[in-house]
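So the chains spell out like this:
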Amino acid sequence: MSSNVNFYDPGADSALEELEEGTGAARTGLGRNGTSRRAFIKGIIAAGATVSAGFMLHGLAGCTREVPVRGAVERLISLNVNGTVRRVDVLPQETLAMTLRYKLGLTGTKLGCDRSECGACTVLLDDVTTYACSTLTHTVRKSQITTIEGLQAANGDLHPVQQAFIDELGPQCGFCTPGQIMSTIALLKSSPRPTREEAQMALSGNLCRCGAYDHYLNSVMRAAGEA
Amino acid sequence: MAKDMMSGFALYQPTDLKNALSLITKFGSDGWILAGGYDSLDWFKDRIKRPKAVIDLSGITGLRDVRETNNGIEIGALTTLTEIHQNSLIKQKFNLLSEAAGKVASPQIRNYGTIGGNVCQDTRCWYYRYGLDCYRAGGNTCYADTPQGLNREHCLFNADRCVAVSPSDTAPALIALEAEMIVVNQTGEQAIAAEDFFIGPGIDIERMTVLKPGDVLTTIRIPNTWAGAQFYFEKVADRNTWDFALVNIASAMKIKDNVIIEIRMACGGVECVPKRLTVVENVVRGNPRDEETAQLAANSASRGATPLNQNHFKIPLMENLVKRAIREA
Ligand SMILES: Cc1cc2nc3c(=O)[nH]c(=O)nc-3n(C[C@H](O)[C@H](O)[C@H](O)COP(=O)(O)OP(=O)(O)OC[C@H]3O[C@@H](n4cnc5c(N)ncnc54)[C@H](O)[C@@H]3O)c2cc1C
Ligand code: SF4
Ligand code: FES
Ligand code: FES
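Keep in mind it's a predicted model, so treat the numbers as computed, not measured.

Section: the side chain of Asn 206 of chain A
With respect to the secondary-structure elements, Asn 206 of chain A resides in the loop between α6 (196-202) and α7 (213-223). Judged by relative accessible area, Asn 206 of chain A falls into the buried class, the value being 2%. There is a polar contact of 3.2 Å between the side chain of Asn 206 of chain A and the backbone oxygen of Gly 179 of chain A. With sequence-adjacent residues up to four places away left out, Asn 206 of chain A is seen in contact with Cys 118, Gly 119, Thr 122, Gly 179, Gln 180, Ser 183 and Tyr 213 of chain A together with Gln 108 and Trp 242 of chain B.

This is the structure we're talking about:
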């Protein structure tokens, strides 16, 4: 695949469809040239091309109505994610978690419940936490979006909060960790020296199936320089 | 995952109320108003509601603030629950509302969920939410009010075919504070007492509020009547985060020389609308604030309750909350 694939190009679209729905190799998960579907998609993401809705709707073609009406939102938008402006093709009904994970390759934001009930998808919009699974991407065009990938320094050093979570053995399985860390970042921005009780409140919208809550609170307190 | 994929719609993001109203009017029952989306998106993901057009109000800045007026405060409907919880003016005058807003859902939901959305949200009856064709969904049966129905969370009072309850934590506070809801449509503006804003199944079984397609709640006005009164808010839920109130209580009292001069109280989770407890108010008004009055209030609170199979526990729960509201405010 060339690096300037634009999915608005009907040619590219049909190539993708062939890969997704086609017979033979695509069905087995291997595209032509033996590229796996996952690698193919990641390759496109890495190439920085505008990413289309095509593959997201794979298998659901008949279920989705396109209702183009004058004055409604355009699909091609710019998002400010982790300090970089990225062009992306977003359906009106697409959630931010979907865009981040499946269009922009930012899979650090997890999808647990997809129903605002777990916190795995917690991201920051202008330093305020929200559930990316329950936020329409089009409603955050004007926000600075921060995901777990945006925390580490340019030289690869972990953010002090990430380091504190490691030092205190915060995570158990780790699935909820990105969300817990994003809630901690927001807390420490608004209240750099929180009490343990304040930390508890701040992380109360993040479920941990492993029950590592106390370890997480230890991590928050360490990050706040209080451990 | 297919169930999590929303049906397509056109999304509109008007930046002023005039445009929003014309879109909302144009699409009528095919349109859907979106504020924070924390109730709406669940409906869309489950594909139970499939609007053709979604009108996002979050870009209308004039609807998102708290202002002091000559005789009270005005809260824009798009103000977030976190903003209401933290707002110093609200805390100083009407801390009851601040507390109630702080008890909703979870921090992330409060950060983007709005007060307008919180009072307009639909009921949580799971049969209905699951997409069954019950009375509320236009059918002719109720799945909760049956011998096998799971109705632990359902109502105690004034059921009329539907036994669902009002889910909002802020609604009882707004009723206790005598708030007014400003509803606007293309023909004009109307101020509706919070108490009349919520409607039961006897009036319309498919709606929770007076709002009809084309109507927008723009503002909530709270008069100074109860500013600085003695407030009590408590919510009892299975978990402190996420879970809806089994029962919640909001009360405002004016006490002089230990006598209750004036009182207003409302209770959520026991009726399809937030229940104004006028009986309690009448029983305690003019009495000293003491254990005996609190007990009298509690006894009168649940008068007329008709519990379902699994929600008898709500009667003592409600009584105890009323007692505490009198005793501990
Ligand atoms: C997991 C979870 C837990 C929750 N727990 C609680 C809880 O404990 N207590 C509680 O009170 N709530 C709870 N909620 C509900 C949540 O608080 C409300 O959904 C939220 O406040 C709604 O605000 P919103 O702006 O996100 O609403 P939206 O989803 O944007 O709107 C909700 C409804 O109101 C309508 N609407 C919104 N604004 C207006 C307006 N200005 N004029 C006319 N119509 C309007 C919309 O059309 C829609 O029908 C919970 C929700 C979830 C998902
Ligand atoms: S309680 Fe109301 S919403 Fe629930 S099943 Fe019965 S009619 Fe439907
Ligand atoms: S995935 Fe968003 S809250 Fe669970
Ligand atoms: S560490 Fe496993 S879910 Fe939290």
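There is more to say, and it comes next.
As for empty space enclosed by the protein
Residues and elements named next belong to chain B. With the rule as written, the count across this model stands at 4 cavities of 30 Å³ or more. Approximately 80 Å³ is the volume found for the largest cavity. What lines the largest cavity is a set of 14 residues, and nearest its centre among them are Cys 125, Cys 134, Arg 136, Cys 142 and Cys 162. Here the lining of the largest cavity is built from residues that sort into 11 nonpolar, 2 polar and 1 charged.

Observations regarding α7 of chain A
Looking at α7 of chain A, one finds that the buried residues are Tyr 216, Leu 217, Ser 219, Val 220 and Met 221 of chain A. Of the residues flanking the end of α7 of chain A, it is Gly 225 of chain A, one or two places downstream, whose phi is positive at about 75°.

Let's talk about the domain arrangement of chain B
All names here are of chain B. Taken domain by domain, chain B holds domain 1 (7-62) and domain 2 (78-120 + 165-178 + 229-328). Computed from C-alpha atoms alone, the centre-to-centre distance between domain 1 and domain 2 is 30 Å. Contact residues are listed per partner, giving 5 residues for domain 1 and 6 residues for domain 2. Surface buried jointly by domain 1 and domain 2 totals about 460 Å² across both partners, of which 77% is contributed by carbon and sulfur atoms. Between domain 1 and domain 2 we count 0 residue pairs in polar contact (both at pLDDT 80 or more) in total. A per-class count over the side of domain 1 that touches domain 2 returns 3 nonpolar, 2 polar and no charged.

Comments concerning the site of ligand 1
Ile 33, Ala 35, Gly 36, Thr 114 and Lys 235 of chain B are the nearest of the 34 residues found near ligand 1. Chain contributions to the surroundings of ligand 1 come from chains A and B. In the model, an oxygen atom of ligand 1 is placed 2.7 Å from a nitrogen or oxygen of the Ala 35 of chain B main chain. Between a nitrogen atom of ligand 1 and a side-chain N or O atom of Asp 169 of chain B, the distance comes to 2.7 Å. Relative to its unbound accessible area of 970 Å², ligand 1 is 96% covered by the protein chains.

A closer look at the site of ligand 2
Residues and elements named next belong to chain B. If you check the shell around ligand 2, you find 13 residues, and the closest are Cys 125, Cys 134, Cys 142, Cys 162 and Val 163. The cavity that encloses ligand 2 is the largest cavity. Grouping the amino acids of the shell around ligand 2 by side-chain chemistry returns 11 nonpolar, 1 polar and 1 charged.

Quick notes on the packing of helix α11 (residues 291-301) of chain B against helix α12 (residues 314-328) of chain B
All names here are of chain B. Interhelical geometry of α11 versus α12 gives an angle of 145° and a closest axis separation of 8 Å. Our pair here, α11 against α12, has a crossing hand that is right-handed. Judged by residue contacts, Glu 291, Ala 294, Gln 295, Ala 297, Ala 298 and Ala 301 of α11 engage Met 318, Glu 319, Val 322, Lys 323, Ile 326 and Arg 327 from α12. For the contact of α11 with α12, the residue count by class is 7 nonpolar, 1 polar and 4 charged.

What to know about helix α1 (residues 17-27) of chain B
Residues and elements named next belong to chain B. For α1, the complete set of buried residues consists of Ala 20, Leu 21, Leu 23, Ile 24 and Phe 27. Across the axial projection of α1, the buried residues extend over an arc of 165°, all falling on one side. Projecting away from the buried face of α1 at angles above 90 degrees are the exposed residues Lys 18 and Lys 26. On the buried face of α1, the contacting elements are β1 (10-12), β2 (31-34), β3 (53-56), β6 (180-185) and β8 (216-223). The opening residue of α1 is Asp 16, an N-cap whose side-chain oxygen sits 3.2 Å from the backbone nitrogen of Lys 18.

Examining the pairing of β2 of chain B
Residue and element names in this part refer to chain B. The pairing of β2 with β3 spans 4 bridges and is classified as parallel. The residue of β3 that forms the bridge with Leu 34 is Asp 56. Running through helix α2 (residues 40-45), the crossover from β2 to the neighbouring parallel element β3 is right-handed.

Some details on the sheet that holds strand β5 (residues 144-146) of chain A
All names here are of chain A. In spatial order, the strands read β2-β1-β5-β3-β4; together these 5 strands make up an open sheet with mixed pairing. Strands with a single pairing partner mark the edges of an open sheet, and in this sheet they are β2 (84-89) and β4 (128-131). Averaged over neighbouring strand pairs, the angle between their axes works out to 40° when direction is ignored. In terms of strand pairing, strand β3 (residues 122-125) meets β4 through 4 bridges, oriented antiparallel. Across the sheet, the residue bridging to Leu 125 is Val 128, located in β4.

A short note on unusual backbone geometry
Positive phi, close to 70°, is recorded for Asp 127 of chain A, a residue that is not glycine. On the secondary structure map, Asp 127 of chain A appears in the loop between β3 and β4. By relative accessible area, which is 36% here, Asp 127 of chain A ends up partly exposed. We note that Glu 178 of chain B has phi near 60°; this positive angle belongs to a residue other than glycine. Here Glu 178 of chain B shows up in the loop between α8 (170-176) and β6. The class of Glu 178 of chain B is partly exposed, set by a relative accessible area of 32%.

Considerations on the interface of chain A and chain B
With 43 residues of chain A at the contact, the number on the chain B side is 36 residues. Buried area between chain A and chain B, summed over both chains or domains, comes out near 3,300 Å², and the portion from carbon and sulfur atoms is 56%. The salt bridge involving Lys 45 of chain B is made with Asp 114 of chain A; its shortest N-O contact spans 3.0 Å. For the side of chain A that touches chain B, the secondary structure elements donating two or more residues are β3, β4 and α6 of chain A. Looking at the side of chain A that touches chain B, the element that brings in the most residues is β4 of chain A, giving 4 residues.

Side note on the sheet that holds β2 of chain B
Residue and element names in this part refer to chain B. Taken together, 3 strands build an open sheet; the order of strands is β1-β3-β2 and the sheet is parallel. On the outer flanks of this sheet lie β1 and β2, each paired with one strand and no other. Taking the axes of each pair of neighbouring strands and ignoring which way they run, one obtains an average angle of 25° across the sheet. Note: β1 against β3, 3 bridges, orientation parallel. Note on β3: the bridge partner recorded for Ala 10 is Ala 53.

Reading the values: the criteria
- Residues numbered from 1 in each chain as written.
- Chains lettered and ligands numbered in written order.
- Predicted model: local features only at pLDDT ≥ 70, side-chain atom pairs only at ≥ 80, totals over all residues.
- Heavy atoms only, no water.
- Helix = DSSP H or I, 4+ residues; strand = E, 2+ residues; numbered from the N terminus.
- Buried < 20%, exposed > 50% of the residue type's maximum accessible area, 1.4 Å probe, protein only.
- Polar contact = N/O pair within 3.5 Å; in protein donor to acceptor, adjacent residues only side chain to side chain.
- Contact = heavy atoms within 4.5 Å.
- 1 Å grid on protein atoms, 1.4 Å probe; cavity = no way out; pocket = protein on both sides within 12 Å on 5 of 7 lines; lining within 4 Å.
- Points joined across faces, edges and corners; volume = space filled by probe spheres on them.
- Nonpolar A, V, L, I, M, F, W, Y, C, P; charged D, E, K, R; others polar.
- Domains from an automatic or database assignment.
- Buried area = accessible area lost by both parts, 1.4 Å probe.
- Near = heavy atom within 4 Å.
- Areas by Shrake-Rupley, 256 points an atom, 1.4 Å probe, with all protein chains shown as cover.
- Sits in = over half its atoms within 2 Å of the grid points.
- Axes fitted to C-alpha atoms, helices over the stretch in contact; angles between N-to-C directions.
- Left-handed = near helix turned anticlockwise from the far one by under 90°.
- Arc of directions from axis to C-beta.
- Pairing = 2+ DSSP bridges.
- Right-handed = clockwise from strand over helix to strand, strands pointing away.
- Salt bridge = Lys/Arg side-chain N within 4 Å of Asp/Glu carboxyl O.

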